Amino acid sequence: MNKLAFFMECTRIYSLPMSVTAWAIAFFFGVSNHGNIFFALTALAGIVCAHLGANLFDDILDYKKYLKSQKDPDNSKKLNFKKGKCKCFLNNELTVEAALKICAVLFFIAIVIGLFFTVIYKLPIILIMALTGVLCLLYPRSGYAGLSEIIIGTIFSPLLFTGVYYVMTGALSYRLLWLSLSFAFVTVCLLYTDFFLDFNQDKAAGKKTIPILTGSKQNAYYFYIFIIFMIYALIFVGIHSHLFPLKYAIIFLSVIPALGTVKRLQHYIDKEIKDEKEFLSAMNNVQKFVAIFAILCIVSFF
């Protein structure tokens, strides 16, 4: 395996479309308002480094939990191998020390880029960075408090949208902020599907994700339908209140792939994911919906 492919596998680059898609929406909205393209691309570099670093650091924490659990068989919390998490550690291809060095480099690049924008824009960027940093620190334990979906939705939608647009224009946009609320639910669909597929494993591990808090996989499925409803309810309210121009109605075309994710999730109410390949197939179905939603958003800007 060459070094680049190895790096991509260890940092779980397959999850990167979530942050890049959110960036793309904010970027093209900024372009439509004559924003600074160089600043947007610089912000993207910081976002990518922070995302990949967080993925690897999360695996480090999970691997350490795994090692600890092996010393206490009565309290074992098994890793979910279906996602390929910690594969580099389990196959002895990467040490924790080396992984920490990679995380340090990725986080250093992200911080330097953040400081660059702080010098230019000062307080607004400091506040966005600080809030994002706090939420990132809370995330590793958020799965035990029913907050994971809320934290991810907040980071990858309102905060990311606001941050990217602000570095491009030096201003805020209420239109983009309202759109980010809708996209927050789109983002939650991705994480929610992940947790829905892990329902039994997470429940056994004592986690309290939103699917588990609903009480059953059947209830969790109905709640997913509610999330889909909220995505389009927010778009409708935006158009009805004249916050969005009528051309934003094109976003409703994404309801077709959205319903496709609902149908796909229904298959797993009484069925378990077999392996990593099936897991990635189910997640790719949701990512396709996310991509189509984002593309339609971008089209509506012009």
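Look up a bit, the structure's there.
Fair warning: this is a prediction, and the values are worked out from it, not measured in the lab.

*Asks:* Got a minute to help me understand the overall build of the protein in this structure?
*Replies:* Scanning the protein for helices and strands turns up 13 helices and zero strands. The globule rule puts the C-alpha radius of gyration for 302 residues at 19 Å, and the 20 Å found for the protein is close to it. Buried residues in the protein amount to 49% of all 302 residues. Contacts in the protein between residues far apart in sequence, at least 24 positions, make up 76% of those at least 6 positions apart. Carbon and sulfur atoms provide 70% of the accessible area of the protein, an area that totals close to 15,000 Å². Side-chain charges of the protein comprise 27 positive and 17 negative groups, with the mean position of each set lying 6 Å from the other.

*Asks:* Help me understand a nonpolar patch on the surface in this model?
*Replies:* There is a patch of nonpolar side chains on the surface, built from F38, F116, V119 and I120 and spanning about 400 Å² of accessible area. Per element, the largest residue contribution to the nonpolar patch is three residues, and it comes from helix α5 (residues 96-121). Here F38 lies in helix α3 (residues 37-70).

What counts and how
- Residues numbered from 1 in each chain as written.
- Predicted model: local features only at pLDDT ≥ 70, side-chain atom pairs only at ≥ 80, totals over all residues.
- Heavy atoms only, no water.
- Helix = DSSP H or I, 4+ residues; strand = E, 2+ residues; numbered from the N terminus.
- Rg over C-alpha atoms; globule rule 2.2 N^0.38 Å.
- Buried < 20%, exposed > 50% of the residue type's maximum accessible area, 1.4 Å probe, protein only.
- Contact = heavy atoms within 4.5 Å.
- Areas by Shrake-Rupley, 256 points an atom, 1.4 Å probe, with all protein chains shown as cover.
- Lys, Arg positive; Asp, Glu negative; His and termini not counted.
- Charge placed at Lys NZ, Arg CZ, Asp CG, Glu CD.
- Patch = residues over 30% accessible without salt bridge, like charges linked within 9 Å, V, L, I, M, F, W, Y side chains within 5 Å.
- Salt bridge = Lys/Arg side-chain N within 4 Å of Asp/Glu carboxyl O.

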